[in-house]
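# Structural features, examined
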Amino acid sequence: MQHWGFPIADDIQLASGVSACEQFHEKILKKRDRLPFEIDGVVYKVNAFALQEKLGFVSRAPRFALAYKFPAEEKETVVEHIEFQVGRTGAITPVARLKPVFVSGVTVSNATLHNFDELFRKDIREGDTVVIRRAGDVIPEVVKAIIEKRPKNTRKTALPKQCPVCGSHLVKPEGEAVLRCTGGLYCSAQLRESIKHFATRRAMDIDGLGDKIVDLLVDEKLVHHVSDLYRLKRAQLIALPRFAEKSADNLLEAIHNSKKTTLPRFLYALGIREVGESTAALLANEFGDLPLLMRADLERLEKIRDVGPVVAKHL
DNA sequence: ATACTAAGTCTGGGAGTTTG
DNA sequence: CAAACTCCCAGACTTAGTAT
């Protein structure tokens, strides 16, 4: 790239061994404030292209490069509220609503607590003063509660007894960490989230079908299942708030266009538990078309590499 | 039993499009 | 023309499932 005249970073160095890498990391950290641009760490890469190729990629990342970040800026704030969100698979996720604080360039007012094991481990309570940071300089994270600053009469956060959205009972299977709503598509949160997942770019790619539109379609009872998307009428859409001819036509066209998709994307879009992009691709590869896949029995599915008994059963 | 990978969930800011 | 909305980007963390 350099020979071709591209500007490249000055601070690159060939290093051998762990300690040389660590020294480089330290060197750049010292220099950080004097750089004419912002950085959040350094990247170690395997130098030889042949080895890079050999190592290749896994779904989300190259196996020949590793980011080594600088410590994140930490701030204190107050947990005003702990809410429970319901995901598309019914997973109940506790989320801290925070008194907004400015950290690493943005105002943070929400942070996930992941699950109840996590929450109990850290013992985060409403009213607590907490330390937060942006993990990887991106995702807000509650590091810990500051016990000395805990007001009197706070209460340990309690496990919800029923789904906060649909009231169905919740289950937490032995050995699993995630608490789940059993409502299925009866639960409007699960319905909404499954439709949003169906529409995303890497699934059916329905352009313009975002958060708010899905909420609207579900609230107006126009959609009870993803298949209902394909029965929407122009007049129904135009009757909705913030919908005019242009937006109605755009949405209908996007829905229509989504029919022209590929098998792996369709499988992924269905949102079957444990069937993400990789597994969907693998299945499409194995079966070639949908009718063949649908005729497969448990035994056949389990024989496929990387498909175990659990995934087979979900399928 | 351990290693590895995939899945699933989460957040804020800015650009671009459409409505009212 | 402001407000509302989508889309895209940045990526962490934890759990769960399969292979070895």
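Residues numbered from 1 in each chain as written. Chains lettered and ligands numbered in written order. Predicted model: local features only at pLDDT ≥ 70, side-chain atom pairs only at ≥ 80, totals over all residues. Heavy atoms only, no water.

Turning next to the protein's contact with DNA strand B. DNA strand B sits among 35 residues. The nearest are Arg63, Gln85, Thr89, Arg242 and Gly276. Considering the 4 Å shell around the protein, atoms of DNA strand B inside it are sugar or phosphate in 93% of instances. Between DNA strand B and the protein, one listed contact pairs a phosphate oxygen with a side-chain N or O atom of Asn110 at 3.0 Å. For the surface near DNA strand B, the secondary structure elements donating two or more residues are strand S6 (92–103), strand S7 (106–112), strand S9 (139–145), helix H7 (245–258) and helix H9 (277–287). By residue number, the principal contributor to the surface near DNA strand B is S7, which donates six residues. Its residues placed into classes, the surface near DNA strand B shows 12 nonpolar, 14 polar and nine charged. (Near = heavy atom within 4 Å. Polar contact = N/O pair within 3.5 Å; in protein donor to acceptor, adjacent residues only side chain to side chain. Helix = DSSP H or I, 4+ residues; strand = E, 2+ residues; numbered from the N terminus. Nonpolar A, V, L, I, M, F, W, Y, C, P; charged D, E, K, R; others polar.)

The domains assigned to chain A are domain 1 (18–69), domain 2 (72–181), domain 3 (187–257) and domain 4 (263–314). One C-alpha centre belongs to domain 2, the other to domain 3, and the line joining them spans 30 Å. In this complex, domain 2 contributes nine residues to the contact, which on the side of domain 3 involves seven residues. Across the domain 2/domain 3 interface, buried area totals approximately 580 Å², and carbon plus sulfur atoms make up 67% of it. It is Val86, Arg88 and Val165 that lose the most area in domain 2 upon contact with domain 3, and together they represent 71% of the buried surface on that side. In this assembly, domain 2 and domain 3 are joined by one residue pair in polar contact (both at pLDDT 80 or more). Each residue belonging to the side of domain 2 that touches domain 3 can be placed in one class, and the counts come to five nonpolar, three polar and one charged. (Domains from an automatic or database assignment. Contact = heavy atoms within 4.5 Å. Buried area = accessible area lost by both parts, 1.4 Å probe.)

Consecutive residues of a regular strand have side chains that alternate between opposite faces of the sheet. Among the seven residues in strand S8 (residues 129–135), five count as buried, and that is most of the element. Here strand S5 (residues 74–86) runs beside S8; their pairing, made up of five bridges, is antiparallel. From the neighbouring strand, Val78 faces S8, where its bridge partner is Thr129. With antiparallel pairing between neighbouring strands as the criterion, S8 and S9 make up a hairpin whose turn holds three residues, including Gly136 at a positive phi of roughly 60 degrees. (Buried < 20%, exposed > 50% of the residue type's maximum accessible area, 1.4 Å probe, protein only. Pairing = 2+ DSSP bridges.)

Time to look at the protein's contact with DNA strand C. In the vicinity of DNA strand C lie 32 residues, with Ile139, Gly208, Lys212, Asp306 and Gly308 positioned nearest. The protein-proximal atoms of DNA strand C, defined as those within 4 Å of the protein, are 90% sugar or phosphate. Measuring from a phosphate oxygen of DNA strand C, one finds a backbone N or O atom of Pro309 at 3.3 Å. One of the backbone N or O atoms of Val311 is found 3.4 Å from a phosphate oxygen in DNA strand C. For the surface near DNA strand C, the secondary-structure elements that each account for two or more residues are S9, helix H5 (211–219) and helix H12 (309–314). Class assignment of the residues belonging to the surface near DNA strand C gives a composition of 12 nonpolar, seven polar and 13 charged.

What follows deals with the layout of surface pockets. By volume, the largest pocket amounts to about 830 Å³. As for the largest pocket, its lining consists of 22 residues, and the residues nearest its centre are Asp11, Ile12, Gln13, Val43 and Lys45. Elements represented by at least two residues in the lining of the largest pocket include exactly helix H1 (18–31), strand S1 (41–45) and helix H2 (49–55). Per element, the largest residue contribution to the lining of the largest pocket is five residues, and it comes from S1. Of the residues contributing to the lining of the largest pocket, the split by class is 15 nonpolar, four polar and three charged. Reported here for the second largest pocket is a volume of approximately 430 Å³. What lines the second largest pocket is a set of 20 residues, and nearest its centre among them are Arg88, Leu185, Ser194, Leu270 and Gly271. A per-element tally of the lining of the second largest pocket places helix H4 (residues 188–199) first, with five residues. Of the residues contributing to the lining of the second largest pocket, the split by class is nine nonpolar, eight polar and three charged. (1 Å grid on protein atoms, 1.4 Å probe; cavity = no way out; pocket = protein on both sides within 12 Å on 5 of 7 lines; lining within 4 Å. Points joined across faces, edges and corners; volume = space filled by probe spheres on them.)

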